[in-house]
Amino acid sequence: MRIIVISPLPPYPSGLAYYSLNLYNELSKLCDVSILSNINAEVSPSRNFKLIKCFTSSIKSAIRTLFTAFKMHGELIHIQVEYRFIGSLLNFLMLPSLLLFAKASHSNKKTIITLHGVLTKDAIKYWLDEISSLRLPKVIRHIIAVIAFSIWIFSIRFLALLSDVIIVHNTYMKERLESLLSLQERKKLRVIPHGVYKPSAKNLMGLSSNDQHIILFLGFIRHSKGLTTLIKAVKLASREIPNLKLVIVGRMIKRSWEKPLKIRSHDSLTVISSELPDEQLDKLITQASIIVFPYDDKFIEASGSLCRVALFFKPVICTRIPRFYELTHMQDAVIIKPGDYQQLANFIVYLLKNRKLSLKLGKNLAEKFSSKTWNKVARMHHELFLKVLGER
């Protein structure tokens, strides 16, 4: 079985790039994989897939990439789709039309789309109100949200019509899509979870730092990540736990029309904005006392950062937003209200003083995610692809 993939790869500034790198490293052990990716893609020479560096964020590049994929030798095309397809919102809006023309000329190939986010009007309003650098009247923001959401629904329905299968990462995403699609289109939806990083036994045996209590944030540094809330909370918690240190690991991301965010290191705050090898990142996670995801956004997605740390048996604090819907408060995570730094500070102190609860949360989280490691998720994809091709 030969699979042709369209997806970004690191250092492309998106969680999707790291998702695809991990997925296809495993999937290419089961079948032949060729990836059409960004022109600056950098991957290990030990990779198992074939890499074709070809696209930029231009619409011309998107057209060329799609037609190249359909001309290549292979039975199935797997397209990874996020809000900025191949780096541009315009490319996402044009994708259904481009896919229609490409399939018309090479209709023998099966097409599978993995959709990495489900949009809502509330999510668009949140972006316009809190993240966007645009200063618009409330009524204009509301009109933009309604129009943008309507266009998104049209694009998704068109994609569903043209594709053989649409993969999403959880049942919440599937249910929201089902409310927008026709009965025939709903039959194409499949749930395959986001893959989870599996640490080595050596890293699992590591201990948290004895000198300091490290509070760790992992993910891209953007306004929607709630980092201002986290910094305030750690400062407040340090009044009761004096040896607290906040470590923020992630690349600074600046999107078009978004407010700038500046965070600098100081005595009790370390910001690591460079790319870390897995070994160094594993060590940081192992040393952490608590991992915090204080996100504010309302997008319906899966959290790649949570999947990166879930099997390290660490207590996690996150916010009550769609991407963490699978977690249960005080069972496998502490779940707080977005933007509430007082509540976050209280739970940081509480967990640091309650080792039994911290161990329970870390253990339960690891057990919940243990069936979603990348090799298992790759096998789920492989089985689905075989069914689509009629080979099983």
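Look above for the structure.
None of the values given here were measured: they were computed from a predicted structure.

Peer 1: Explain the overall build of the chain to me, using residue names and the numbers behind them.
Peer 2: Secondary structure summary: the chain contains 14 helices and 13 strands in total. Over its C-alpha atoms, taken along the principal directions, the chain stretches across nearly 65 × 55 × 40 Å. For the chain, the residues scored as buried account for 54% of the 392 residues in total. In the chain, once contacts between residues fewer than 6 apart in sequence are set aside, the share between residues at least 24 apart is 74%. Of the accessible surface of the chain, which amounts to about 17900 Å², a share of 54% is contributed by carbon and sulfur atoms. The average position of the 56 basic charges and that of the 29 acidic charges among the side chains of the chain differ by 2 Å.

Peer 1: Before we move on, could you go through the side chain of Thr-373 and cite the residues and values that matter?
Peer 2: Locating Thr-373 in the fold gives a position in the loop between α13 (355–369) and α14 (374–388). Residue classification places Thr-373 among the buried positions, given a relative accessible area of 6%. Apart from residues lying up to four places away in sequence, Thr-373 is in contact with Val-196, Lys-198 and Leu-311.

Peer 1: Go over the nonpolar core, please, and point to the residues and values.
Peer 2: Of all hydrophobic cores here, the largest spans 62 residues; its most connected members are Phe-293, Ile-317 and Ile-348. Ignoring any residue separated from it by four or fewer positions in sequence, one finds Phe-293 in contact with Leu-218, Ser-305, Leu-306, Val-309, Val-316, Ile-317, Cys-318, Thr-319 and Phe-324. Residues Ala-62, Met-72, Met-173 and Leu-177 belong to the second largest nonpolar core, which totals 45 residues.

Peer 1: Would you mind going over the state of the cysteines in detail, with residue names and values included?
Peer 2: In protein chemistry, a disulfide is the covalent bond that joins the sulfur atoms of two cysteines. Per the counting criterion, the structure on display carries zero disulfides. Note on Cys-31: no disulfide assigned, nearest cysteine sulfur contributed by Cys-54 at a separation of 19 Å. Cys-307 takes part in no disulfide bond, and the closest cysteine sulfur to it belongs to Cys-318, at a distance of 12 Å. Classification of Cys-307 as buried rests on a relative accessible area of 5%.

Peer 1: Let's hear about helix α1 (residues 15–27): which residues, and what values?
Peer 2: With 13 residues, α1 extends 18 Å from end C-alpha to end C-alpha; this agrees with the ideal 18 Å at 1.5 Å per step. Of the positions making up α1, those classed as buried are Leu-16, Ala-17, Tyr-19, Ser-20, Leu-21, Leu-23, Tyr-24 and Leu-27. For α1, the elements touching its buried residues are β1 (2–6), β2 (32–38), β4 (76–81), β5 (110–115) and α14. The N-capping residue of α1, defined by a side-chain oxygen 3.1 Å from the backbone nitrogen of Leu-16, is Ser-14.

Peer 1: Break down the pattern of salt bridges for me, citing the residues and quoting the values.
Peer 2: Across all of its chains, the model carries 13 salt bridges by this definition. One salt bridge connects Arg-141 with Asp-129, and the closest N-O pair in it is separated by 2.4 Å. Residue Arg-141 is located in helix α5 (residues 138–162), and its partner Asp-129 is located in helix α4 (residues 121–131); the two are separated by twelve residues in the primary sequence. The residue Lys-363 makes a salt bridge to Glu-367 at a minimum N-O spacing of 2.7 Å. Of the two residues, Lys-363 and Glu-367 are both situated in helix α13; the distance of four residues between them amounts to about one turn of the helix. For Lys-363, a relative accessible area of 42% translates into the label partly exposed. Given the relative accessible area of 48%, Glu-367 is considered partly exposed. Three or more residues joined by partner-sharing salt bridges are found here, namely Asp-278, Asp-282 and Arg-308.

Peer 1: Could you give an account of the environment of Ser-358, naming the residues involved and the relevant values?
Peer 2: With respect to the helices and strands, Ser-358 occurs in helix α13. Aside from chain neighbours lying at most four places away, what touches Ser-358 is Pro-315 and Leu-351.

Peer 1: Give a description of the pairing of strand β8 (residues 213–218) that names residues and reports values.
Peer 2: Counting buried residues along β8, five of its six residues qualify, which places the element largely inside the surrounding structure. Across six bridges, the pairing between β8 and strand β9 (residues 244–249) is parallel. By the bridge assignment for β9, Ile-214 is matched with Lys-245. Here two bridges tie β8 to strand β11 (residues 290–293), and the two strands are oriented parallel to one another. The partner of Leu-216 across the bridge, within β11, is Ile-291.

Cut-offs used in this document
Residues numbered from 1 in each chain as written. Predicted model: local features only at pLDDT ≥ 70, side-chain atom pairs only at ≥ 80, totals over all residues. Heavy atoms only, no water. Helix = DSSP H or I, 4+ residues; strand = E, 2+ residues; numbered from the N terminus. Buried < 20%, exposed > 50% of the residue type's maximum accessible area, 1.4 Å probe, protein only. Contact = heavy atoms within 4.5 Å. Areas by Shrake-Rupley, 256 points an atom, 1.4 Å probe, with all protein chains shown as cover. Lys, Arg positive; Asp, Glu negative; His and termini not counted. Charge placed at Lys NZ, Arg CZ, Asp CG, Glu CD. Core = buried A, V, L, I, M, F, W, Y, C linked by side-chain atoms within 4.5 Å. Disulfide = S-S within 2.5 Å. Expected span 1.5 Å × (residues − 1). Polar contact = N/O pair within 3.5 Å; in protein donor to acceptor, adjacent residues only side chain to side chain. Salt bridge = Lys/Arg side-chain N within 4 Å of Asp/Glu carboxyl O. Pairing = 2+ DSSP bridges.

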